[in-house]
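# Notes for the structure review
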Amino acid sequence: MEFFYEFPSLGRKTISGMKQGVDEAFKGFSRAYGQQLEDFFDPLLRFMIWFEKLLEATPWPIVLVVIGALAWLGSRSWKITVGSVLAFVAIGALGMWEDTMATLAIISVATLLCIMIGIPLGILMSRSDRAQGIITPILDVMQTIPSFVYLIPVVMLLGIGKVPGLLAVCIYAIPPIVRLTDLGIRLVDKDILEAADAFGTSPWQKLWGVQVPLALPNIFAGINQTIMMALSMVVIASMIGVKGLGVPVLKAISNQYLALGLMNGLAIVALAIIFDRVSQTFGKRLQAYRQGGK
Amino acid sequence: MMSGPKVQIKNLYKIFGKTPQKVLPLVKNGLGKPELLDQTNHVLGINNVSLDIPEKRIQVVMGLSGSGKSTLIRHINRLIEPTDGQILIDGEDVLAMSERQLRDVRRKKTSMVFQKFGLLPHRKVMENVGYGLEVQGVGASDIRKKAQHWIDRVGLTGYENHYPGQLSGGMQQRVGLARALATDAEILLMDEAFSALDPLIRYDMQSILLELQDELHKTIIFITHDLDEALRLGDKIAILRDGAMIQEGTAPQIVLQPADDYIADFTKDINRGKVIRLRALAANGSGYDGATIPAGTLLNDALQPLAQAPDQTLGVTEPDGRMVGTVTLTQVINALAG
């Protein structure tokens, strides 16, 4: 009867041997290739440092003007522009300027990286059912696996710092843009594609002249989601040495500082709302034809 | 002037399903569409269709939905691969072409108008009309010039900078027509091009097409399910049912000598007076010296002259002056009554 009440697992020794085997193998890999990997990511690190320095070294009035201008160019809406500038003024007034700049830096670089990798990947997926079959489950894992789990190998390989933080953010934030690029291209009206074919459109002309432009609403929804998810990773990234608004939040958690946590948390929310509104209205403006306007 | 066929379709078969090649022999042995579906779960799209399409004429292919007519037209520019058979354009085998050659045919030789328009919603009218040229790599200023010409010709002047979504159905199809004409392709494939339009607009579009054809002399393959449209536009009409061609001929031939009850059923409500010309009735020689009437006169238009003629009889002459015979009022009335 014993057999039915306790699951017949492998012996403790066997299991711990397996675990050790994996750990050792990975440590070996890390020792052998850690340096190469670090060298590989070095340009990225330099770029991030440069961008963060740029944001921190720029006088705050100029940053405010640039943010206002970007919000205006993106949204063409006074409400959003004024709201964005006011939000940054409040952040500065409450002493969170430097942390916000650091967060802004990593989010911008992460988003850029995700777009650069994610859109081509999404296009690949849309063109091949086999690629879709392989990539989709990987994306599922990336989205559902607890972030702490992949932090372990990332930190083992690259140590603590900006690059591992950036990778952690990207692993979590890249799935939506890949998925929605794929979806958007697959949803393009078959009749329109047939018409394009009938006029002798080459596959390349069809991709850039028809499929991608018509998939833009979905691609933009993907970019928007990617930004939102990147922001939600700020606190976790701060655990492995990324500067920014996540650091004080982490401090607040361990010391039960309610006000500190709330302030920095709300600053993250403010960033999220600004990014969201500006990118959404920009996406909509690209689709002028959908509103029937000129 | 009738010249050789521009497009030839030879023994074309198209079977939709998992293993079309395997069930092809069954179809060749005479298995029909419903039986094929029952026994093998394959759908018979085209069943041994052969058709010579004359140059510079309008060839109509007619049939009800599911008859395979839209499938047939998509074989001509190989948007659909056939299961068996041959397609020749100017004697060249379309099915033997490489991807690149095929693209060239689609760019230069054929162009197409679609039932659902198939316009690019993110491009303005001007850019839609110029699309075929842009794909060919024509320079921007040439595209503009040609696109503007065709926009003017289909009566859309002033709408160059509108998006398709801002136009009515009829106007959108004018864009579709202008886009197809802009590449100067000799062959125009029109897949139920006017079927989505309401009757008045449809009639207008038919008139535009006929007017343009008078001048351009394209080889037009026009798919429709509407007999009135087929009779009005078609120099030649082919009728499809269940993927097979059941009759081919001119409008009067279809109306006066329907190949079977199915077609007779189709044609019985047609206003014959608007379709049949005197040529179809006059066949009894040239020995008449009374007043004459042109052979191309529609029966409806012949009633009054005949009623006023002595003996209610007139000689019928071809445009070259040759007399082909006589008609009487009774003959015409009988023909009208069917």
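Quantities reported herein were computed from a predicted structural model and do not represent experimental measurements.

## Let's talk about the domain arrangement of chain B
All names here are of chain B.
- Per the domain assignment, the segments of chain B are domain 1 (5–270) and domain 2 (274–337).
- Between domain 1 and domain 2, the C-alpha centre-to-centre distance is 35 Å.
- At four residues, the largest contribution of residues to the side of domain 1 that touches domain 2 is made by helix H11 (residues 251–256).
- Partitioning the side of domain 1 that touches domain 2 into residue classes produces six nonpolar, no polar and no charged.

## Side note on the sheet that holds strand E5 (residues 92–93) of chain B
Residue and element names in this part refer to chain B.
- Ordered by their spatial adjacency, four strands build an open sheet running E2-E1-E4-E5, and the pairing between neighbours is antiparallel. The open sheet has two edge strands, strand E2 (43–54) and E5, and neither has a second partner.
- Sheet strands in contact with helix H1 (residues 20–28) are strand E1 (5–16), E2 and strand E4 (84–89), and its direction is about 105 degrees off that of E1.

## Regarding the sheet that holds strand E7 (residues 187–191) of chain B
Residue and element names in this part refer to chain B.
- Ordered by their spatial adjacency, six strands build an open sheet running E6-E7-E8-E3-E9-E10, and the pairing between neighbours is mixed. Looking along the sheet, the strands with just one partner apiece sit at the ends: strand E6 (110–113) and strand E10 (244–249). Between one strand axis and the next, the sheet turns through 20 degrees on average, direction left out of account.
- The pairing of E7 with strand E8 (residues 219–224) spans five bridges and is classified as parallel. Residue pairing for E8: leucine 188 is matched across the bridge by isoleucine 220.
- Strands E6 and E7 of the sheet are contacted by helix H8 (residues 169–182), whose axis makes an angle of about 180 degrees with E6.

## Some words on the UniProt feature "domain: ABC transmembrane type-1" (unreviewed entry) in chain A
- Mapped onto the present numbering, the UniProt feature "domain: ABC transmembrane type-1" (unreviewed entry) falls on residues 100–279 of chain A.
- Spanning residues 100–279 of chain A, this segment combines 87% helix with 0% strand, and its end C-alpha atoms are found 19 Å apart.

## Comments concerning the interface of chain B and chain A
- At the interface, 21 residues of chain B touch 17 residues of chain A.
- Put simply, the parts of the chain that give the side of chain B that touches chain A at least two residues each are helix H4 (99–109), E6 and helix H6 (131–136) of chain B.
- No other element matches H4(B), which puts four residues into the side of chain B that touches chain A.
- The class makeup of the residues in the side of chain B that touches chain A is eight nonpolar, eight polar and five charged.

## Things to note about the pairing of strand E9 (residues 236–241) of chain B
All names here are of chain B.
- Of all six residues making up E9, five are buried, and the element is well covered by its neighbours.
- As judged from the four bridges shared by strand E3 (residues 58–62) and E9, these two strands associate in the parallel manner. What sits directly across from valine 61, in E9, is alanine 238.
- Bridge count between E9 and E10: five bridges; the pairing is antiparallel. Across the sheet, arginine 241 pairs through a bridge with alanine 244, a residue of E10.
- The hairpin turn running from E9 into E10, its antiparallel successor, is two residues long, and aspartate 242 in that turn takes a positive phi close to 50 degrees.

## Topic: unusual backbone geometry
- With a phi angle near 55 degrees, A:Gln256 is a residue other than glycine that sits in the positive phi range.
- Relative to the helices and strands, A:Gln256 resides in the loop between helix H12 (246–255) and helix H13 (258–286).
- You can call A:Gln256 exposed: it has 8 C-beta atoms within 10 Å.
- For B:Glu192, which is not a glycine, the phi torsion comes out positive at approximately 45 degrees.
- Within the secondary structure, B:Glu192 is located in the loop between E7 and helix H9 (199–216).
- By C-beta crowding, B:Glu192 is classed as buried, having 20 other C-beta atoms within 10 Å.

## What about H13(A)?
Residues and elements named next belong to chain A.
- Counted at 1.5 Å a residue, the expected span for H13 with its 29 residues is 42 Å, and the 42 Å between its end C-alpha atoms agrees.
- Residues of H13 that are buried include every one of Asn264, Ala267, Ile268, Ala270, Leu271, Ile274, Phe275, Arg277, Val278 and Ser279, and no others.
- Contacts made by the buried residues of H13 are with helix H3 (60–75), helix H4 (78–93), helix H5 (97–127), helix H10 (203–232), helix H11 (234–238) and H12.

Criteria and cut-off values
- Residues numbered from 1 in each chain as written.
- Chains lettered and ligands numbered in written order.
- Predicted model: local features only at pLDDT ≥ 70, side-chain atom pairs only at ≥ 80, totals over all residues.
- Domains from an automatic or database assignment.
- Helix = DSSP H or I, 4+ residues; strand = E, 2+ residues; numbered from the N terminus.
- Nonpolar A, V, L, I, M, F, W, Y, C, P; charged D, E, K, R; others polar.
- Pairing = 2+ DSSP bridges.
- Contact = placed C-beta atoms within 7 Å.
- Axes fitted to C-alpha atoms, helices over the stretch in contact; angles between N-to-C directions.
- UniProt positions renumbered as here; feature names shortened; annotations may be inferred.
- Buried ≥ 20, exposed ≤ 12 C-beta atoms within 10 Å, placed from the backbone.
- Expected span 1.5 Å × (residues − 1).

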